[in-house]
Amino acid sequence: MEVTDIPAEFLREDLAPLPAVSELQVVRHYTRLSQSNFSIDTHFYPLGSCTMKYNPRACNKYAMLPEFLMRHPQSAVTTGQGFLQCLHELQEILKDITGMKGVSLTPLAGAQGEFAGVTMIRAYHDSRDDQRRDEILVPDAAHGTNPATATMCGYKVREIPTDAEGDVDVEALRAAVGPHTAGLMLTNPSTLGIFEGHIQEIADIVHEAGGLLYYDGANLNAIVGKVKPGDMGFDVIHMNLHKTFSTPHGGGGPGAGPVGVNDRLLPFLPIPIVTEEGGDYRWLTEQDLPQSIGRLSGSMGNAGVLLRAYIYARLLGKEGMNRVAEFATLNANYLMAQLRSRGFDMAYPTRRAAHEFIVTLKTLKEQTGVIAMDVAKRLLDKGYHAPTVYFPLLVPECFLIEPTETESKQELDGFTDALVEILEEAHRDPELVKHAPHTTPVTRLDEVKAARELDVAWNSE
Amino acid sequence: MPFIPHTESEIRDMLDVIGVDSIDDLFDEIPEDLRALALSLVPEGINEMEIGRVMMERANKDGLYVNFIGGGAYEHHIPAVVWELTTRGEFYSAYTPYQAEASQGTLQLLYEFQTMMARLTGLEVSNASLYDGASALAEAVLAAVRAKKKATKVLMPSTISPVYRQVVSNIVRNQGIELIELPFSEVGGHTPVEIVSQQTTDDIAALVVPQPNYFGVLEEVDALTDWAHDHGLLVIGLVNPIAMALLKPPGRWGKQGADIAVGEGQPVGIPLSSGGPYFGFMCCKQKLIRQLPGRIVGRTVDTQGRPGFTLTLQAREQHIRRSKATSNICTNQGLMVTAATIYIALLGADGLRRVALQCHANTKRLLNSLAKIEGVEKLFDRPFFHEGVLRLTQDPSAILRALEAQGIVGGIDLSRHYPQLGDTMLVCATETRTDTEMDNYELHLERIMSRRRLDPPCAQKVAGKV
């Protein structure tokens, strides 16, 4: 087929240099590639702060019904009443779990939820003509997305230190707040894996200074059904549905980062939002919410992810939701107790683990020269994905370990045994650990070369 | 218990090891007055069979329509292999490849994706995805402003999707960046370089050039690119990946090529799904690579000299650079990129080009046949890709409602965003539309238009019939 009516000046002169392969070649190539991945379906994956729990297959199956997949985002709401009903019910479920007054499902990932939240904080202060507030406070243990988000929203970032017990240093916070404070971004349970004990006091300090309190919902899995962020005094919250609601992590997304707000931020929620009137569902848009911070994506959000989260919530129900936090916490505290009894040091030994906890390998490094990264790599040889390493930045040689509720006692015991073996290996034959992994498809990669001699696209034809 | 494996005796053993009596004791650091009352709006749990019934009922209620809408999201045939492979647990349930040795599958796939996108756009480098086309354009605007250091304004033709322009504004406005909208030719539906050249170029970082534009019309990309470069501006190409197999890619626009190319990745292997998840892509010239947001995969060697892949240039990213990062993006759209890579590999350059050609041929056929109907005319006389604008003598929203009753979603009503064009709608026919479906659209549109001409709704109101 040739083009006759598009003038040559607009056309590509050649065929783009792309693969020319058969269907079988494609199937074999990508099947083999997939087999060189660790995943939840194949391995224990205790990546702290990421909530790598089982992704139920039913959620995928019923989110991928043809009617849902084929619907164009610009088609009228009359062609999507079933879809919109699911989303509306999900909004209600999320309101209940978070104790917030309004929810918008539209942010495409946690970081976009943070962006929406902080932009709402800004819109709130602007609406009161309070433009002096140019600073967002962030604990030093926070996820990198928090300060990066504050910058994207045009704010200066001020870090608040953590005290010896792992809580926010309340006196430092008190000294930091003032008429320039727009808000504080906080994760609770924190990135240190502990429930922030002074939360009510923190909320009071920030509110009395005229700032708002932002809840980073990365660790919501630890408290579902136990505490509601709204009750802790938070004004705005984002949730990571790919964590707490078990939608797939997909090798790095897609996520979904719905935001919830209390009364004073309701007018600013990002659009669109689903509303129900007499059994009919429709979108609330800029006409309905003139003060909204507006749209953040080309359509309405990661619809397919939201459907998976909805199905997950319905499968669990209210009893199941309570069990999420209970068993995530049980698993974390059990694993922490086991590791402590086998000679590992906890970063915050006097505290309960929320759904995750921090091991520090500082002593191991001093004794053997083996560092946390080496132990992480050796875990791969033992058939376990490594925990999060070197985060939070303030604990030396740390592992942030989050087992999640869907792992069995046997799996946790196996992981403990593997770590104990590695500890022994590190003392007996440190080079074995320092050069791990030995059994993966590749051994340790030269990251310096990767950055210095950049090769990010195949260059030979 | 759904998805929780513990037996009663295991729970007992675990509590004993911890040294507490009950699971509830594990929450004893939470102040008593914060403990939540029971959830009230979350319903009782149901089983897989029951949720299956609920979802199938709701899907049936939504039904299936013959789709003639584009406007940034397009219905294309997705070969069965694409999602069969994409939903393999090893791709589906892995995460960002932080542990490279345990993630070579995802990493190599992302490297292949970066290669494919660089080749489609004719640029040197690509990142590993952004959220969607609209937010990718916002990130490109931010990258251009960073690269230009002192300039704070970006030229945005109003032939870019109105929603995209809103999204970009919402994302960049708090960083003091100003977007200057450029008018378009109401004859050609494009952005003539004569209009652009009336702009002052003081404090301008970049010009955005959509190809094709929101109306489906092809812009004078060479002239626009050269004008921008002659005035020291960067050029951001906003492109459709399917079109890139047929149209001149941004890397070859004008004398020097566009500097950055972004777009919506949905057309390559991603279902429409009411709006997401899709993915955004972003490619650029090598010299701008440190301005790219998001993940980038690099090829390197392992300790034995074997080739392997790893995340690279992470010092741009939020988990390292924190408040100084190029973006706050963390999780991107990895699984969508998995599907896109497999889709592009399956089709190859020839397959993609044939898809692009069939889309163009179908849209041309559709526009010509619909424009023969009395009260329907085709707007714009310029070359187009796979969309076009029709002007009606009737209110497009009413016409579209009437078409919907016939099982046809017929297009996008443009009258709100482009009132200067009158009663217009944007229509699209991709390779998935058959001749019969297009004939059927023509038949129904003709009937609806003539019925309303003979018996206009305003007359009905007067007569009290409706």
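Residues numbered from 1 in each chain as written. Chains lettered and ligands numbered in written order. Predicted model: local features only at pLDDT ≥ 70, side-chain atom pairs only at ≥ 80, totals over all residues.

> An account of the overall build of chain A is needed here, citing residue identities and associated values.
Per the secondary structure count, chain A includes 15 helices and 13 strands. Whereas a compact globule of 461 residues would reach a radius of gyration of roughly 23 Å, chain A reaches 24 Å, a difference of no more than 12%. In terms of its C-alpha atoms, chain A occupies a principal-axis envelope of roughly 70 × 70 × 45 Å. Expressed as a percentage of its 461 residues, the buried residues of chain A come to 63%. Counting only contacts in chain A whose residues sit at least 6 apart along the sequence, the fraction spanning at least 24 positions is 72%. (Helix = DSSP H or I, 4+ residues; strand = E, 2+ residues; numbered from the N terminus. Rg over C-alpha atoms; globule rule 2.2 N^0.38 Å. Buried ≥ 20, exposed ≤ 12 C-beta atoms within 10 Å, placed from the backbone. Contact = placed C-beta atoms within 7 Å.)

> Before we move on, could you go through the domain arrangement of chain B and cite the residues and values that matter?
Interfaces are often sized by the amount of accessible area the parts lose when they come together. Annotation of chain B at the domain level lists domain 1 (8–62), domain 2 (80–343) and domain 3 (349–463). Placing the centre of domain 1 of chain B and that of domain 3 of chain B at their C-alpha centroids yields a distance of 51 Å. (Domains from an automatic or database assignment.)

> Help me get a handle on the sheet that holds strand β15 (residues 424–427) of chain B, residues and values and all.
Residue and element names in this part refer to chain B. Ordered by their spatial adjacency, four strands build an open sheet running β11-β12-β15-β14, and the pairing between neighbours is antiparallel. Only two strands of the sheet have a single neighbouring strand rather than two, namely β11 (376–378) and β14 (412–413). Bridging between strand β12 (residues 388–392) and β15 involves four bridges; their strand directions are antiparallel. Counterpart to Val 389 in the pairing with β15 is Leu 426. (Pairing = 2+ DSSP bridges.)

> Please give an account of the environment of Gln406(B) that cites residues and values.
When you line up the elements, Gln406(B) lands in the loop between α12 (396–404) and β13 (408–409). As a C-alpha pair, Gln406(B) and His444(B) span 38 residues in sequence and 7.6 Å in three-dimensional space.

> Just give me the short version of the interface of chain A and chain B, but keep the residues and values in it.
Each partner contributes to the interface: chain A provides 163 residues, whereas chain B provides 156 residues. Here the side of chain A that touches chain B takes 22 residues from helix α10 (residues 303–341) of chain A, the largest share from any one element. Within the side of chain A that touches chain B, the residues separate by chemical class into 79 nonpolar, 53 polar and 31 charged. (Nonpolar A, V, L, I, M, F, W, Y, C, P; charged D, E, K, R; others polar.)

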